[in-house]
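Examination of the molecular architecture
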Amino acid sequence: MTAVEAQQWLVEKIAHRLGVDPGAVSPEQYFDELDLDSTEALILAGEMENWLGFELGTTTLWYHPTIKDLAAHIAEESGQRATA
């Protein structure tokens, strides 16, 4: 899993949830600036964990508050799990 793949997945899923074109979702935008309610955020997190095949920590979004930051973290975590 690369950061680019993770970022593309996140942008597409968030755009779908918001009902906007993926081009309207900036990878630099903070998650708390997106119009996702808590239910949508939980659903997205569950879909992401299913897609990745592993759980993300409860503080992951706190420490990686943008799509770009989270995608980089996902790529790093995926790489560590692949070599383990």
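See the structure shown above.
Parameters and conventions
- Residues numbered from 1 in each chain as written.
- Predicted model: local features only at pLDDT ≥ 70, side-chain atom pairs only at ≥ 80, totals over all residues.
- Heavy atoms only, no water.
- Core = buried A, V, L, I, M, F, W, Y, C linked by side-chain atoms within 4.5 Å.
- Buried < 20%, exposed > 50% of the residue type's maximum accessible area, 1.4 Å probe, protein only.
- Helix = DSSP H or I, 4+ residues; strand = E, 2+ residues; numbered from the N terminus.
- Contact = heavy atoms within 4.5 Å.
- Salt bridge = Lys/Arg side-chain N within 4 Å of Asp/Glu carboxyl O.

Moving on, we get to the nonpolar core. Burial of nonpolar side chains together is a common tendency in soluble globular proteins. Core analysis: the largest hydrophobic core is formed by 18 residues, its most contacted members being Leu10, Ile14, Met48, Ile67 and Ile74. Among the elements that make up this core, the one with the highest residue count is helix 1 (residues 3–18) (six residues). In contact with isoleucine 14, not counting residues within four places along its chain, are Val25, Phe31, Leu34, Leu36, Leu44 and Ile67.

In the structure shown here, the tally under the stated rule is four salt bridges. Two residues, glutamate 47 and lysine 13, come together in a salt bridge whose shortest N-O distance is 3.9 Å. With glutamate 47 in helix 2 (residues 38–52) and lysine 13 in helix 1, this residue pair connects regions lying 34 residues apart in the sequence. Lysine 13 gets classed as partly exposed once you look at its relative accessible area, which sits at 29%. Between arginine 81 and glutamate 77 there is a salt bridge whose closest N-O contact spans 3.0 Å. Note that arginine 81 and glutamate 77 are positioned in helix 4 (residues 67–83) at a spacing of four residues, about one turn of the helix. Taking the relative accessible area as the measure of exposure, arginine 81 reaches 42% and is therefore partly exposed.

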